[in-house]
Amino acid sequence: MTGGQRAEDGLEELVSVFVHELKTPIAAVQGLAATLARSLDELDRETALQVAAALERSALHLGQLVRSFHAGLPLNPEPTELALLVRDTVEELEPLLVDRQVELELDEVPRVSADPVRIRQVLTNLLTNAVRYTPAGSPIDVTLRQAGETVELSVRDHGPGIPPEAAERAFDRYARLRPDGSGSGLGLYVSRELARAHGGDLVTGQPEGGGALFVLRLPR
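In this text, all values refer to a predicted model and were calculated from it rather than measured experimentally.

Please explain the overall build of the protein as it appears in this structure.
Counting its regular elements, the protein contains five helices and seven strands. For the protein, the N- to C-terminal ordering of α and β elements is α-α-β-α-β-β-α-β-β-α-β-β. Of all 220 residues assigned to the protein, the portion counted as buried reaches 44%. Total accessible area computed for the protein in this model is approximately 11700 Å², and 52% of it derives from carbon and sulfur atoms.

In structure tokens form, the structure reads like this:
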């Protein structure tokens with residue numbers, strides 16, 4: 001393979017990642033804007049302001065994501081309160097969490113040194129995967145806890161789960177584990193790379209009762 005071909009392949013992969021990671025934030029902004037426009041006459045002022053605030057945060061996150069790609073995917077760590085980040089992300093993704101009840105169990109944990117844009121990116125990927133792979137009406141469990149010298153953020157769905165023999169393959173680039181082969185196969189790959197760039201990891205588990213479990217581990 002020539003140097004030019006390698007550069008072309010690298011650019012193509014970067015564009016694929018860029019497109020994949022922008023899909024959900026753009027859809028969230030569109031969904032929040034539609035909710036606000038459609039229900040403006042029905043919402044009380046306080047609720048309308050909450051939706052508008054979520055819309056503003058989503059747009060801000062989208063802008064940060066675009067700038068981060070333009071800068072070459074660096075990390076910009078800062079003291080980050082994960083519980084607040086989780087609540088904000090779930091609120092912003094509400095238009096996409098169709099007929100799903102997100103159950104939050106967020107312990108008090110120390111702030112972590114992390115890039116909030118990137119951690120939000122990982123959580124967004126995990127939540128949208130949970131929606132994609134589970135039937136309407138099923139819950140999604142999000143848990144935050146401290147485990148020794150690490151902080152663990154877990155997302156569990158109640159869908160068909162991932163067979164143990166395929167668990168590690170789920171993180172391969174372009175892996176598609178759905179029977180119909182849909183999806184880009186980039187979300188989990190990108191999310192694990194971001195976790196490891198923080199000195200942590202993203203792993204999967206086999207929860208009792210079935211479903212898929214993903215655990216983001218970050219150092220304290």
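That covers the picture; the talk isn't over yet.
It is not clear to me how the pattern of salt bridges should be interpreted in this structure. Could you clarify?
Between side chains of opposite charge, pairing is possible as soon as their charged atoms come close. Using the criterion set out here, one finds eight salt bridges in the structure. In this structure, the salt-bridge partner of Glu152 is Arg217, at a minimum N-O distance of 3.1 Å. Note that Glu152 is positioned in strand E5 (residues 150-156) and Arg217 in strand E7 (residues 213-219), a separation of 65 residues in sequence. Among the ionic pairs, Asp201 bridges to Arg196, the shortest N-O distance being 3.0 Å.

I keep staring at the nonpolar core and nothing clicks. Help me out?
The nonpolar side chains of soluble globular proteins are, as a tendency, buried together. Membership of the largest hydrophobic core comes to 40 residues, with the highest contact counts inside it found for Leu127, Leu144, Phe214 and Leu216. Of the residues forming this core, the biggest block, seven residues, is contributed by helix H4 (residues 116-133).

What exactly am I supposed to notice about H4 here?
Working note: α-helix, 3.6 residues per turn, so residues spaced by three or four point in the same direction. With 18 residues, H4 extends 26 Å from end C-alpha to end C-alpha; this agrees with the ideal 26 Å at 1.5 Å per step. Most of H4 is tucked away, with 16 of its 18 residues classed as buried.

Honestly, the side chain of Ser154 in this entry has me stumped. Any pointers?
One can find Ser154 in strand E5. Looking at Ser154, the relative accessible area reads 11%, which means it is buried. In contact with Ser154, other than residues within four places in its own chain, are Asp141, Val142, Thr143, Leu213, Phe214 and Val215.

Could you clarify how one ought to interpret the packing of helix H3 (residues 82-92) against H4 in this entry?
Packed helices, taken two at a time, are described by the angle their axes make and the gap between the axes. Where H3 contacts H4, the two axes come as close as 10 Å, and the packing angle between them is 50 degrees. Taken together, the axes of H3 and H4 lie oblique to each other. Judged by the twist between their axes, the crossing of H3 over H4 is right-handed. Facing Leu82, Leu85, Val86, Asp88, Thr89, Val90 and Glu92 of H3, the residues of H4 in contact are Pro116, Ile119, Arg120, Leu123, Thr124 and Leu127. Taken together, the residues of the contact of H3 with H4 break down into eight nonpolar, two polar and three charged.

The rules behind each value
Residues numbered from 1 in each chain as written. Predicted model: local features only at pLDDT ≥ 70, side-chain atom pairs only at ≥ 80, totals over all residues. Heavy atoms only, no water. Helix = DSSP H or I, 4+ residues; strand = E, 2+ residues; numbered from the N terminus. Buried < 20%, exposed > 50% of the residue type's maximum accessible area, 1.4 Å probe, protein only. Areas by Shrake-Rupley, 256 points an atom, 1.4 Å probe, with all protein chains shown as cover. Salt bridge = Lys/Arg side-chain N within 4 Å of Asp/Glu carboxyl O. Core = buried A, V, L, I, M, F, W, Y, C linked by side-chain atoms within 4.5 Å. Expected span 1.5 Å × (residues − 1). Contact = heavy atoms within 4.5 Å. Axes fitted to C-alpha atoms, helices over the stretch in contact; angles between N-to-C directions. Parallel < 35°, antiparallel > 145°, perpendicular 65-115°, else oblique. Left-handed = near helix turned anticlockwise from the far one by under 90°. Nonpolar A, V, L, I, M, F, W, Y, C, P; charged D, E, K, R; others polar.

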